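# Observations on the model geometry
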Amino acid sequence: MSHNQKESSKAVKLGIGTNKVGGHNLFEGLKDEDGFDIVREALDSQVQMIDTAYMYGLGRSEEIIGEVIKNYSRSSFKIATKAAQDPDNDLKINNTPTFLKKAVDDALARLQTDYIDIFYIHFPDENTPKDEAVAALNDLKKSGKIRAVGVSNFSLEQIKEANKNGQVDYVEDAYSLVHREAENKLWPYLQENHIGFVPYFPLASGLLTGKYSLADADKFDQFTKEQFETIVSALKLVEKIAENHNASISQTILAWYIANPSISAVIPGARNASQVTNNVTTLNIDLTETEYQQIDTAFENF
Ligand SMILES: NC(=O)c1ccc[n+]([C@@H]2O[C@H](COP(=O)([O-])OP(=O)(O)OC[C@H]3O[C@@H](n4cnc5c(N)ncnc54)[C@H](OP(=O)(O)O)[C@@H]3O)[C@@H](O)[C@H]2O)c1
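From a predicted model like this one, the values you see are computed outputs, not experimental measurements.

### Brief notes about the site of the ligand
Around the ligand sit 28 residues in total, of which Gly17, Tyr200, Leu203, Gly206 and Gly269 are the nearest. Considering each element in turn, the shell around the ligand owes the most residues, 3 residues, to helix H10 (residues 273–280). For the shell around the ligand, the residue count by class is 8 nonpolar, 14 polar and 6 charged.

### Some remarks on the nonpolar core
The biggest cluster of nonpolar side chains holds 86 residues, and the ones touching the most others in it are Val39, Val104 and Val171. Ignoring anything within four residues of it in the chain, the contact list for Val104 reads Ile116, Phe119, Leu140, Lys145 and Ile146.

### Some points on the UniProt feature "domain: NADP-dependent oxidoreductase" (unreviewed entry) in the protein
UniProt tags residues 13–297 as "domain: NADP-dependent oxidoreductase" (unreviewed entry). Structurally, residues 13–297 comprises 41% helix and 12% strand, and the distance from its first C-alpha atom to its last is 23 Å.

### Some remarks on the environment of Lys240
Residue position: Lys240 is located in helix H8 (residues 225–244). By C-beta crowding, Lys240 is classed as exposed, having 11 other C-beta atoms within 10 Å. It is 10.0 Å that separates the C-alpha atoms of Lys240 and Glu291, two residues lying 51 residues apart in sequence.

### Quick word on unusual backbone geometry
Of note, Ala204 is a non-glycine position whose phi angle comes to about 50°, a positive value. Tracing the backbone through its elements, the reader meets Ala204 in the loop between strand S9 (196–200) and H8. In this structure, Asn246 is a non-glycine residue whose phi angle is positive, near 55°. Turning to its location among the elements, Asn246 is positioned in the loop between H8 and helix H9 (249–259). Asn246 sits in the exposed class, given 10 other C-beta atoms within 10 Å.

The rules we used
Each chain carries its own residue numbering, running from 1 in the direction its sequence is written. Under the rules for a predicted model, residues below a pLDDT of 70 receive no local features and side-chain atom pairs below 80 are neither given nor counted, while totals for whole chains, interfaces and linings still include all residues. Residue proximity rests on one test: whether the C-beta atom, placed from the backbone, lies within 6 Å of the molecule or strand. Where helices and strands are cited, they refer to DSSP runs of H or I of at least four residues and of E of at least two residues respectively, numbered from the N terminus. Following the grouping adopted for this structure description, the nonpolar residues are Ala, Val, Leu, Ile, Met, Phe, Trp, Tyr, Cys and Pro, the charged ones are Asp, Glu, Lys and Arg, and the polar ones are all others, Gly among them. Only buried residues count toward a nonpolar core: Ala, Val, Leu, Ile, Met, Phe, Trp, Tyr and Cys, linked into one set through C-beta atoms within 7 Å. With C-beta atoms placed from the backbone, a residue counts as buried when 20 or more other C-beta atoms lie within 10 Å of its own, as exposed when 12 or fewer do, and as partly exposed for counts between those limits. Contact between residues is assigned whenever the C-beta positions, reconstructed from backbone atoms, fall within 7 Å. UniProt positions are given in the numbering used here, feature names are shortened, and annotations may be inferred rather than shown by experiment.

See below:
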């Protein structure tokens, strides 16, 4: 990624999500050792970006990443992190310039690095004008502490306000083949304004790995029974396409995102290092145009 993020948003395609690296406050039963292994495995493979946040373990995820990256060449991967939850005020969302500037310094210290490749405002607060929050991050970009400015979980209107002066480089928001609202809601504006898009929940929290069956419908209550049946049958089609590439369903789904020019980087989460190993294999898959379209159509109602 060069300094001009808007020109190079396609440079990174595969990253990892690390909410299960040290994210003890979000998930039960996580072990720090698994977190260290996940990050090491990612950097030993071809993963080019680590996506983290203060909120994942209230700094613990960033600390684990910081310990591991000391042993790797910093220029060989990107780090994206986020903040907004104020540790000095019951984690209330705070986007004030003073808070954001301190949050970047704290993240740099935990990550034991000199710069952060993308720093996202994790959630919008109620009061800070969005363009002022982003301007504070733009100052840090000029000083070299961060290399790109991001916002996450912002509505289109909030993104427009934040980008009043053209200072937003990336948007991170929920998106997957079973949650496609961003395509119509956000992508036209982002593309017009050369803002990169990084989807979170790309595997729909594991659903798109194909490891669940119709019997698991009640674990995914955001979908109606009919929608869940459609997903399970769409995954059967993906499985057939996967066989053409000697690949798994999740690898094929990740390959679809990688082939999608509207997506800047794919950051599947992992619970252990073997899931990382498995997901990295997606880089060997080159979907044909027909296969890409078949998957697109199979999930067109989402
Ligand atoms: N900006 C935001 O507000 C925001 C919000 C959420 C997430 N994020 C970021 O986005 C990243 C991705 O989201 P996510 O991790 O929540 O969801 P995800 O990528 O959709 O799903 C990841 C989960 O799927 C399962 N999985 C992954 N690879 C697998 C494989 N090869 N085989 C079987 N199961 C596999 C694992 O869970 P199990 O083993 O438990 O099934 C893993 O934790 C996060 O890690 C985080 O960095 C950002």
